[in-house]
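# Observations on chain architecture
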Amino acid sequence: MKTDTILVLDFGGQYCHLIARRIREHNVYSEIVSQDISPKEVENIKNRFDIKGIILSGGPQSVYEQDAPKINVGILNLGIPVLGLCYGHQLIAQTYGGNVKQAKKKEYGITYATITKPDELLKSLGKKEKVWMSHGDTVYALPKDFEVLAYTENCPVAAFRHKEKPLYGLQWHPEVIHTENGMKMLQNFLFEICRCEANWKMEDFVEKAIEEIQQTVENRKAIVALSGGIDSSTVTVLTAKAIGKNLTAVFVDHGFMRENEPKFVQDTFQKFNINFIAIKARKRFLAKLEAVTEPEQKRKIIGKEFIRVFENVAKKIKADYLVQGTIYPDRIESGIRKFSDKIKTHHNVAGLPLKIKFKAIVEPLRDLYKDEVRKLAAVLGLPKELVFRQPFPGPGLAVRIMGEITQEKIDIIKKADKIVTEEIEKSGLKDHLWQYFAVLTETRSTGVKGDSRAYGYTIAIRVVESREAMTASFAKVPYNILETISTRITNEILEVTRVVYDITHKPPATIEWE
Ligand code: XMP
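Presented here is a report on the structure given in the accompanying data block. (Residues numbered from 1 in each chain as written. Predicted model: local features only at pLDDT ≥ 70, side-chain atom pairs only at ≥ 80, totals over all residues. Heavy atoms only, no water.)

The helix and strand tally for the chain stands at 15 helices and 18 strands. Over its C-alpha trace the chain gives a radius of gyration of 26 Å, about what one expects of a compact globule, namely 24 Å for 514 residues. Referenced to the eigenvectors of the C-alpha coordinate spread, the extents of the chain come out at roughly 80 × 60 × 40 Å. Burial analysis of the chain (514 residues in total) assigns 54% to the buried set. Look at the contacts in the chain between residues 6 or more apart in sequence, and 77% of them connect residues 24 or more apart. Here the chain displays about 23400 Å² of accessible surface, and carbon together with sulfur accounts for 50% of that area. Seen as two clouds, the 76 positive and the 66 negative side-chain charges of the chain have centres 2 Å apart. (Helix = DSSP H or I, 4+ residues; strand = E, 2+ residues; numbered from the N terminus. Rg over C-alpha atoms; globule rule 2.2 N^0.38 Å. Buried < 20%, exposed > 50% of the residue type's maximum accessible area, 1.4 Å probe, protein only. Contact = heavy atoms within 4.5 Å. Areas by Shrake-Rupley, 256 points an atom, 1.4 Å probe, with all protein chains shown as cover. Lys, Arg positive; Asp, Glu negative; His and termini not counted. Charge placed at Lys NZ, Arg CZ, Asp CG, Glu CD.)

Here it is in structure tokens:
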């Protein structure tokens, strides 16, 4: 049986992923595709999925601009229900000849919509609904055959539908939590209009994925780069379930791991009885990084060296297949999104480009979001410490040491990281936090230790809350916990004289310092 699916057409809006995730929260599968998809391409996707509905996302442009993204009208005529959100709402109206113009008064934030026609889309809601808006343009007049379903003080057509075809538009964002009954609205679209079945479940996924891996790899050998992070760990266990000893997991210790990390990874995977090779490559990495201070250069060197080490092992094992823990956002970010800017070169062992030719690259997690990978990991029986551990960057502590990397600095940052981890975990705050770690800055400062002057390193503490890492807020960690961390760091690490707390959100700062 094919999975019921909603296609989300990406018009560049910042909430595109959020729409897709909200749909999946209802156990309905969703797939983000480019806005210029053709009806024929939709037909091709139907080979894998049962497409029950289409959502057009928001976007930064105005539909009446010359180079603004359009929609192939054939998509609107497939007979599949279509819901336009914000830009998508305006685009449907404009495509059929409605009047879309710059709004006399723009709406950003909470607004109240008056529902005049509580049809299937706006069923079981109040007469007035608290909705979240973010638009500078407005639909002023609807095309023939369309009718208004709701309006706001400044927006005469805040929701509409076609009188006969299954075409709908909402000017507001139901996917954003500030739209009080947004989930109900999406639910109406999924189940009342598209008649979806909630058949996207992790247990079924495991079965299907194992079958797919077995069919691809058959009796040959595969290799996986295991970092100990959630994605590569989950894909390792899943693939081992499918092909057993024909899989070899390779763990490259570049020397920028947290304290005890190599042992933790080794112990964990030994329990799963998986072929496991650990490569100690600390000296090799340090040598390559000597005197390098530029952050992007450091990242590139580490990424490249990693591949070299991995390639050597792959050749020895003579594996035909490479298994990668690529997840859905990785695939989307590198594939169809047309408006994103590169902030930093992410090195992720899950995304290895290699010179060695493999028969195929196997990516069993390619359709999953991070929270779905966590669910899958739990279903597969991965230990809790691994499932709920904080994300850790591929280049490791190297991106948390400013300036040149030396063994002395690595030793300091490892000790500081351990203290931060211990204290945050002791405090019970862990479950609300995305990441908590220490950064070794390049600033030295004067201190007094004992009765003598000391001139030492400055450690910055970074603790953030986030859902996706696309945005993050610094966490308001209670002063007494920060005090304990600061006291321990300055007492236990001789070389450190000062500890500061990073109070910057993302944006403008990124989560990691480099
Ligand atoms: P930034 O610093 O870009 O980080 O705000 C966003 C999230 O990604 C993690 N991160 C990485 N993960 N390889 C990875 O696998 C990398 O090169 C990398 N750099 C940053 C970071 O820890 C945060 O969770």
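Applying the stated criterion to the full structure yields 26 salt bridges. With a closest N to O distance of 2.8 Å, Glu 514 and Lys 298 form a salt bridge. Note that Glu 514 is positioned in the segment after β18 (496-501) and Lys 298 in helix α10 (residues 295-317), a separation of 216 residues in sequence. Both residues of the pair, Glu 514 and Lys 298, belong to the buried class. Beyond isolated ion pairs, a larger network of salt bridges with shared partners links Lys 418, Glu 422, Glu 423, Lys 426, Arg 488 and Glu 492. (Salt bridge = Lys/Arg side-chain N within 4 Å of Asp/Glu carboxyl O.)

What follows deals with helix α6 (residues 202-217). Spanning 16 residues, α6 covers 22 Å between terminal C-alpha atoms, matching the ideal 22 Å at 1.5 Å per step. Along α6, the positions that sit buried rather than exposed are Met 202, Phe 205, Val 206, Ala 209, Ile 210, Ile 213 and Val 217. For α6, the angular spread of the buried residues around the axis is 130 degrees, confining them to a single face. Exposed and facing more than 90 degrees away from the buried side of α6 are Glu 207 and Gln 215. (Expected span 1.5 Å × (residues − 1). Arc of directions from axis to C-beta.)

The next point concerns the packing of helix α7 (residues 230-243) against helix α12 (residues 370-379). For the pair α7 and α12, interaxial distance at closest approach is 10 Å and the crossing angle is 45 degrees. In terms of their interaxial angle, α7 and α12 are classed as oblique. At the point where α7 passes α12, the crossing takes the left-handed sense. The residues of α12 that touch α7, namely those facing Ile 230, Asp 231 and Thr 234, are Lys 370, Val 373, Arg 374, Leu 376 and Ala 377. Residue composition of the contact of α7 with α12, by class: four nonpolar, one polar and three charged. (Axes fitted to C-alpha atoms, helices over the stretch in contact; angles between N-to-C directions. Parallel < 35°, antiparallel > 145°, perpendicular 65-115°, else oblique. Left-handed = near helix turned anticlockwise from the far one by under 90°. Nonpolar A, V, L, I, M, F, W, Y, C, P; charged D, E, K, R; others polar.)

Moving on: the sheet that holds strand β11 (residues 247-253). Taken in spatial order, the five strands of this open sheet run β12-β11-β10-β13-β14, and their pairing is parallel. Edge positions in the open sheet fall to β12 (275-280) and β14 (360-362), since each of these has one partner strand only. With strand direction ignored, the average angle separating the axes of adjacent strands in the sheet is 25 degrees. As paired elements, strand β10 (residues 222-225) and β11 share four bridges and run parallel to each other. Following the sheet pairing, Ile 223 is matched in β11 by Thr 248. (Pairing = 2+ DSSP bridges.)

With respect to the helices and strands, the residue Glu 492 is situated in helix α15 (residues 479-492). In this structure the side chain of Glu 492 is engaged in a polar contact, spanning 2.7 Å, whose partner is the side chain of Arg 488. (Polar contact = N/O pair within 3.5 Å; in protein donor to acceptor, adjacent residues only side chain to side chain.)

What follows concerns the sheet that holds strand β5 (residues 99-115). Picture the strands of a sheet paired through backbone hydrogen bonds; they go either parallel or antiparallel. Spatially, nine strands are ordered β2-β1-β3-β4-β9-β8-β7-β5-β6 in an open sheet, and the strand pairing comes out mixed. Because the sheet does not close on itself, it has two edges, and the strands there are β2 (29-34) and β6 (128-141). If you compare each strand with its neighbour and ignore which way they point, the axes differ by 30 degrees on average. Pairing of strand β1 (residues 3-10) with strand β3 (residues 49-56), which is carried by seven bridges, proceeds in the parallel orientation. Residue pairing across strands places Thr 5 opposite Ile 51, the latter belonging to β3.

The grouping of Lys 288, Lys 304, Arg 308, Lys 315 and Lys 355 at the surface amounts to a positive patch. Per-element accounting of the positive patch gives the leading share, three residues, to α10. Counting through the fold element by element, Lys 315 comes out in helix α10. (Patch = residues over 30% accessible without salt bridge, like charges linked within 9 Å, V, L, I, M, F, W, Y side chains within 5 Å.)

By themselves, these observations are geometric and do not establish any function.
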